[in-house]
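# Architecture and fold: a report
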Amino acid sequence: MREQFDIVVVGAGPAGIAAAVTAAEAGLRVAVVDDNSAPGGQIWRSGAHLPRAAQHWIARLQRSSVVPLHGRRVFDAPEPNLLCAEPSAFLSALNGSSLGANYDCAELRFTKLILATGARERFLPFPGWTLPNVMGAGALDALVRGGLPIARKRVVVAGTGPLLLAVAAHLARRGARIAAVCEQASFTQIVRFAARLLFEPQKLAQGAGYALAVRSARLRTGCWPVAAHGAGRLRAVTLRQGNNLWDIDCDYLACGFHLVPNIELPALLGCSPAGGFVAVNELLETSVPGIYCAGEPTGIGGVELALLEGEIAACAASGQTARAQNLARRRCRKIPFVRALERACALDPQLRSLPVDDTLVCRCEDVTYAALRARSNWREAKLHTRCGMGPCQGRICGAAAEFLFGWNADSVRPPVFPALVSSLASAGARDESLAAASSHNSKENR
Amino acid sequence: MPETVRPLVLSVNGAPIAVQPGTTVAAAVLMAGAATRISIAGEPRAPLCGMGICFECRVTIDGVPHQRSCQILCRSGMQIDTGSSKAGEDYASWRRA
């Protein structure tokens, strides 16, 4: 498949949906490409009752002329104005994907590009975190939306950020027994953030609703898991609050330390970073002309801001500059919330002492904390230990290493996701050296 | 989901399991009590991120290896093999050797 679009949007979460719909309604030929099999991203993941805003936007997307490329992930950008995307699973035909039995690598040519790649949870290593049933907070939520029975299961929700209460509330409504909700932030951090929410009545009401839903499990602040126990599967968690340590039995530990943006593709495209996010101007254009970025990769701000940013980027990319500038003024007023959220979720430095020598930091390659501590930067760690060189490509351990050791990933190279050798060959037809290198690697891996 | 919806029957490591339509392969594997993969050092692993990024949930589906089970919906008749199957154990011990 080879097609030319006026605008390609990467990511079909709130920002990507708003961008695609806005651009298509302006009469442009638009495609939206997303790894998941349905639109909505993670926050509007299907399988449960979606909020009204989600239903509205998804219906608008489906009514629009946007070409949906769900179940495809972008793995390379071999030349300017071109993205390569392969099916997310070989089984897309079996899953009834619109792509049918088409396993080929799609070549998407674009005039303008909008990156709405979203965010993932930050995971911090602690003894036992690799046990089955220890997972992200958003991860357990997604699995429950994907059919995992949770009624009568004991769940400890831990980490940091507004996601914890949202997940705890959703699981409680599904019948889970929430044994504890542990927020690493201090009581003072939380009170300051709650006070800031007085300016965001909608969010305050939402938060109060979540708190009410999990009122039987008190929200503990300055509290985090220090170890997970079990043989082959989680059985109990040791929690720490101040000088108190205690064990609590549970079936699941849902633990995520706020969010980190997915900036691998923007980095591959040459977009300059800014403090771990993608640098953008007020109309959300990145340092690369014609490439825009919207939603969490510009700063973690939640659904409403993501929708607004999607609209701004689409207006700017489609030449509706006055409308984009108007919306940009509304965005400016929401930036203080982004900063407040960042402060509220700032990690306690004591969390750096969670891993012990034999705690794995890199789960793909089983690299321990002790092995990494002996290294002085991310590159050296990769070369000597294989940390970050497994299939997740450092998406999990990279954020942990950044917090634990202050290391930054220095470069991003294609493919930004593990890809089929046939896809690499077609993408690399322009670049013989890449094709040669990747066919060698992929033969071993598949 | 209403109880009247006809469940899908698939197999996890050879044992049949019934799930509701809309269930992800990752959820089915967890329901079957199986680990999704065995790590290089021989530990059982299960989904971590739930959104297709961590690759801990990869399993073999209908003979196709390395499929991210959290991103794929169950279908009737699917044959899912995980790292905790006999073949998966053999592979893990071969890689350790």
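Residues numbered from 1 in each chain as written. Chains lettered and ligands numbered in written order. Predicted model: local features only at pLDDT ≥ 70, side-chain atom pairs only at ≥ 80, totals over all residues. Heavy atoms only, no water.

Here we come to the interface of chain A and chain B. Facing the 44 residues of chain A at the interface are 40 residues of chain B. Taken together, both faces of the contact between chain A and chain B bury some 3400 Å²; the carbon and sulfur share is 57%. Counting the contacts that link chain A with chain B gives 3 salt bridges. Where B:R45 meets A:D366, a salt bridge forms, and the shortest distance between an N and an O atom there is 2.8 Å. One can count 17 residue pairs in polar contact (both at pLDDT 80 or more) joining chain A with chain B. Among the elements of the structure, β7 (119–121), β8 (134–135) and α3 (137–145) of chain A are those that each provide at least two residues to the side of chain A that touches chain B. Broken down by element, the side of chain A that touches chain B gets its largest block of residues, 3 residues, from α3(A). Split into classes, the residues belonging to the side of chain A that touches chain B amount to 22 nonpolar, 12 polar and 10 charged. (Contact = heavy atoms within 4.5 Å. Buried area = accessible area lost by both parts, 1.4 Å probe. Salt bridge = Lys/Arg side-chain N within 4 Å of Asp/Glu carboxyl O. Polar contact = N/O pair within 3.5 Å; in protein donor to acceptor, adjacent residues only side chain to side chain. Helix = DSSP H or I, 4+ residues; strand = E, 2+ residues; numbered from the N terminus. Nonpolar A, V, L, I, M, F, W, Y, C, P; charged D, E, K, R; others polar.)

Residue and element names in this part refer to chain A. Summarising the element assignment, R192 is placed in helix α5 (residues 187–196). On the basis of relative accessibility, which here comes to 61%, the residue R192 falls in the exposed class. Spatially, the C-alpha atoms of R192 and A340 are 8.5 Å apart, while their sequence positions differ by 148 residues. (Buried < 20%, exposed > 50% of the residue type's maximum accessible area, 1.4 Å probe, protein only.)

All right, on to unusual backbone geometry then. Glycine aside, the phi torsion of most residues is negative, and most peptide linkages are trans. The step from A:P414 to A:P415 runs through a cis peptide bond, and the omega angle for that step is -5 degrees. Examined against the element boundaries, A:P415 turns out to sit in the loop between α12 (397–405) and α13 (421–427). Even without glycine at this site, A:Q393 takes up a positive phi of about 55 degrees. Checked against the element boundaries, A:Q393 lands in the loop between α11 (378–385) and α12. With phi around 50 degrees, B:N13 is a residue other than glycine that occupies positive phi space. Relative to the helices and strands, B:N13 is located in the loop between β1 (8–12) and β2 (15–19). B:N13 gets classed as partly exposed once you look at its relative accessible area, which sits at 28%.

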